[in-house]
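Per-entry structural report
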Amino acid sequence: MDIETRIRRRRRRGADQTLVLDYDLLNPAAHVSEPNGRGPIVERVLDHLDPAFDESLPSDVYVWGPPGSGKSAVVSALFSRLEAPATQPRTAIRTTTRAQSAELPRFVYVNARQANSEFKLYRHVLDGVTDGDAPTKGISTDDLVSELRSVLSEFVGAVVAVDHADEFEPSPTAVRSNLETLNDPISTVLVGRTPPSNVDGFGDIAEIEIPGYSQQVLIDVLMTRGSSGLTQDALAYDQSRRIAAWAGGNAHDALAALFSAAVIAEDDGVQKVRSEDVTAGIDTVPRGGTSLGVVLTLPSNRQRVLRAFLDLEADRRSTVTATTEAIADSARVDLSAGTVKRILYELADIGVFDRVTTDQTTGHGRPPSRLEPRFPTLPFQKLYEPH
DNA sequence: ACCTGGTCCCGGGCTCGGTTTT
DNA sequence: AAAACCGAGCCCGGGACCAGGT
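Per chain, the residues get numbers from 1 upward, laid out in the order the sequence is written. Starting at A for chains and at 1 for ligands, labels are handed out in the order in which the entities are written. Side-chain atom pairs in this predicted model are given and counted only at pLDDT of 80 or more, local residue features only at pLDDT of at least 70, and totals for whole chains, interfaces and linings cover all residues. Heavy atoms from the whole structure form the basis of all side-chain values; hydrogens and water molecules are not counted.

**Brief notes about the sheet that holds strand 1 (residues 61–64)**
Picture the strands of a sheet paired through backbone hydrogen bonds; they go either parallel or antiparallel. Convention followed: We call two strands paired when DSSP finds no fewer than two bridges between them. Secondary structure elements follow DSSP: runs of H or I of four or more residues count as helices, runs of E of two or more count as strands, with numbering from the N terminus. Geometry is summarised by axes, namely lines fitted to C-alpha atoms with helices restricted to the contacting stretch, and by angles between N-to-C directions that run from 0 to 180 degrees. Any pair of residues with heavy atoms lying within 4.5 Å of one another is described as a contacting pair.
In space, the five strands of this open sheet follow the order 2-3-4-1-5, with parallel pairing throughout. Of all the strands in the sheet, the pair left with one neighbour each is strand 2 (106–111) and strand 5 (206–209). Strand-to-strand, the axes of this sheet are offset by a mean angle of 15°, without reference to chain direction. The pairing of strand 1 with strand 4 (residues 186–192) spans four bridges and is classified as parallel. Looking at the pairing, W64 lines up with G192 of strand 4. Lying over the sheet, helix 3 (residues 71–83) contacts strand 1, strand 2, strand 3 (158–163) and strand 4, oriented at roughly 145° with respect to strand 2. Helix 4 (residues 118–129) rests against strand 2 and strand 3 of the sheet, and its axis sits at about 135° to strand 2.

**A few points about the packing of helix 8 (residues 237–247) against helix 10 (residues 275–284)**
Put simply, the test is: For classification, angles of less than 35 degrees are called roughly parallel, those exceeding 145 degrees roughly antiparallel, those between 65 and 115 degrees roughly perpendicular, and all remaining angles oblique. Note: crossing handedness is left-handed where the near helix turns anticlockwise from the far helix by less than a right angle, and right-handed where it turns clockwise. In this classification, the charged set is Asp, Glu, Lys and Arg, the nonpolar set is Ala, Val, Leu, Ile, Met, Phe, Trp, Tyr, Cys and Pro, and all remaining amino acids, among them Gly, are polar.
Contact pair helix 8 / helix 10: the axes reach a minimum separation of 10 Å and the direction vectors enclose 20°. Accordingly, the angle class assigned to the pair helix 8 and helix 10 is roughly parallel. Note on packing geometry: the crossing formed by helix 8 with helix 10 is right-handed. Packed against helix 8, whose contacting residues are Q239, R242, I243 and W246, the element helix 10 presents S275, V278, T279 and I282 at the interface. Looking at the contact of helix 8 with helix 10, its residues break down into four nonpolar, three polar and one charged.

**Brief notes about the protein's contact with DNA strand C**
Cut-off, in case you're wondering: One heavy atom suffices: a residue is near a molecule or strand as soon as one of its heavy atoms comes within 4 Å of it. N or O atoms closer than or at 3.5 Å make up a polar contact, with two conditions inside protein: a donor-capable atom paired with an acceptor-capable one, and, for residues adjacent in sequence, both atoms drawn from side chains.
Among the 18 residues in the neighbourhood of DNA strand C, the closest are listed as N301, T339, R342, G363 and R366. Within 4 Å of the protein, the contacting atoms of DNA strand C are 66% sugar and phosphate, with bases supplying the remainder. The side chain of R342 places a nitrogen or oxygen atom 3.0 Å from a base nitrogen of DNA strand C. Between DNA strand C and R366 there is a distance of 2.6 Å, counted from a base nitrogen to a backbone nitrogen or oxygen. Put simply, the parts of the chain that give the surface near DNA strand C at least two residues each are helix 4, helix 12 (300–311) and helix 14 (337–349).

**Considering unusual backbone geometry**
Let me state the cut-off plainly: Each residue's exposure class comes from its accessible area (1.4 Å probe, protein chains only) as a fraction of the maximum for that residue type: buried when under 20%, exposed when over 50%, partly exposed otherwise.
Residue P170 is reached from E169 by a cis peptide bond, and omega for that bond is 5°. Phi angles above zero are rare outside glycine, and D233 is one such case at about 60°. Here D233 lies in the loop between helix 7 (215–229) and helix 8. Given the relative accessible area of 59%, D233 is considered exposed.

**Overview of the nonpolar core**
Heads up, the rule is: We call a set of buried Ala, Val, Leu, Ile, Met, Phe, Trp, Tyr and Cys residues a nonpolar core when their side-chain atoms join them within 4.5 Å.
Counting 35 residues, the largest nonpolar core has L19, L218, L222, L230, I243 and V273 as its most contacted members. Contributions of two or more residues to this core are made by helix 7, helix 8, helix 9 (251–267), helix 10 and helix 15 (377–383). Of the residues forming this core, the biggest block, eleven residues, is contributed by helix 9. Once you skip the residues sitting within four places of it in the chain, L218 turns out to touch Y213, A244, A247, G249, N250, A251 and A254. In terms of nonpolar packing, the next biggest core, distinct from the first, is built from 33 residues, L126, A158, A165 and F202 among them.

**Remarks on a negative patch on the surface**
What counts is decided by this rule: Patch membership is restricted to residues that have no salt bridge and whose relative accessible area is over 30%. Joining uses 9 Å for like charges and 5 Å for the nonpolar side chains Val, Leu, Ile, Met, Phe, Trp and Tyr. To measure how exposed things are, a 1.4 Å probe is used in the Shrake-Rupley method; for residues, cover is taken only from the protein chains shown. Definition used for salt bridges: Asp or Glu carboxyl oxygen within 4 Å of a side-chain nitrogen of Lys or Arg. The charge count includes Lys and Arg as positive and Asp and Glu as negative, but it does not include His or the ends of the chains. By convention, the point assigned to a charge is CZ for Arg, NZ for Lys, CD for Glu and CG for Asp.
Together, E43, D47, D50, D54 and E55 make up a region of like negative charge exposed at the surface. Structurally, E43 is set in helix 2 (residues 39–49).

**Some details on the protein's contact with DNA strand B**
Inspection of the region around DNA strand B gives 15 residues, with Y345, R355, G365, R366 and S369 positioned closest. Near the protein, within 4 Å, the atoms of DNA strand B are sugar or phosphate in 71% of cases. In the environment of DNA strand B, a phosphate oxygen lies 2.9 Å from a nitrogen or oxygen atom belonging to the side chain of R355. One of the side-chain N or O atoms of S369 is found 2.4 Å from a phosphate oxygen in DNA strand B. Among the elements that line the surface near DNA strand B, the one with the most residues is helix 14, at three residues. A breakdown of the residues in the surface near DNA strand B according to their chemical character gives six nonpolar, four polar and five charged.

Okay, here's the thing in C-alpha cells:
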C-alpha cells in the first residue's frame, strides 16, 4: 500500500463509511505484495529466472493460465521486488580488467494493456529502466529505440516481463520481435491466458502453466482481502465460501463479487456483508466477463463513455442509437454522436459490452440491438476516476 | 426497392519533444 | 533565451460501404 492509498483511506473514513475501509484493497486489478497460496508458483518462476542471479540471462519463458489464476499477481509481485534494487549486493567477484562490481540484469515489468503498441512497449520499458520520464509522443519510434539502446547498454542485460502479452497489438508475436530489434541481451517473461500452442512463437519457448485457484485458497484470498478492506468481522467465512464456490477458481470474479456485495451492503447502511448482499453482488458480476484490469486501462474518453452509460435509465439503453444520443448529450462526455457510436461498437467488439438483438420490430430496416455491460459495473463506478 | 443498423477505414487536428531561427 | 517551426504518435470525426430486415 502506497502513501497515497493510506491518505485516501483516511480521507474517506468517517462520514458514512462504516463497512468499507478502502475499495482499493478489494480491487481485483490491484495486486498485493504477497499473493495468497501461490508460493509454489513463485518458486517455479524464480527457478526459471535463476541464471539472472548469477550474472547471466535466463531463456525466454511463457507463463500462462486461465483468467484470474494469479498470473499477474505473481509476476507483478515478483518483479516489483526485483525491479527495486538498482545496486546489487556486492560480491567478491570482480573482473580483472575493470574495477567494477558484478552487476546483475535489470528487471522490468510492463503491462501490455497499457503498452499495446510498438512505440508504447519501448516507452514503458524505458520508463521502467529509468525514472519514468520517457516521452509519450513527439519523437519517432526510431529515436525512442536508440534512446532505449543507449540506456540498456549500461547494464549487463535486462529481464522484461510483459504481462497480458497475448493482448499486444498488432500481434503477440510482435512483443518478442520488437524487443529483439533492440539488439540487446534481453530475456522476456511473457504472461498471458492463451495456451502456447495457440500463439505464434510462444509454443517454442519454455512454459510455466498456472492452474486456477483451488476453492480453499480462493477462500483464503477473499478472507485476507476482506479483513484488510472491510471493517472487522464484516465478512463471514460462509460468505467467502459461497463466493469462491461460484467463482470456480477465478480470483478476479471472486473479488469483483465481494467488492460488489460490499458496495450493496454499504449502500444499505449495514455493518456486515449479509447473505443477500452476496447474492446480489454475485448477480451483478458476469462470470468470465471482461476484467476490471481491461476496463480501467482503457483510454480516458472510453472510460467516460462507460461511466456515462451506467448513468442511463433502462429506456435509454433500449437501442444502440438511443444510447448513443443519450451519452452524446451527457455532461460527462464531450464527443460527437458519431464518435460515441463508434466507441460503443468498439467496446462491444472487445467484450466490454454484449450486444443483444432486441425483439423490437419498428417495421423498416435492420433490427437494432442494445448493449449490456459485461464487466463488474459496481467496482468500476467506485474505482473510476476521471482523468 | 428501401430503410436502418453495423463495420471499416483514414484524413486531419491536437499535442508533444526536439530543432532551428530570431 | 525565446519563439517559431517541424515531425511524430494518438485520437476524433465522419464518410463509404455492407448487413439484415420489411
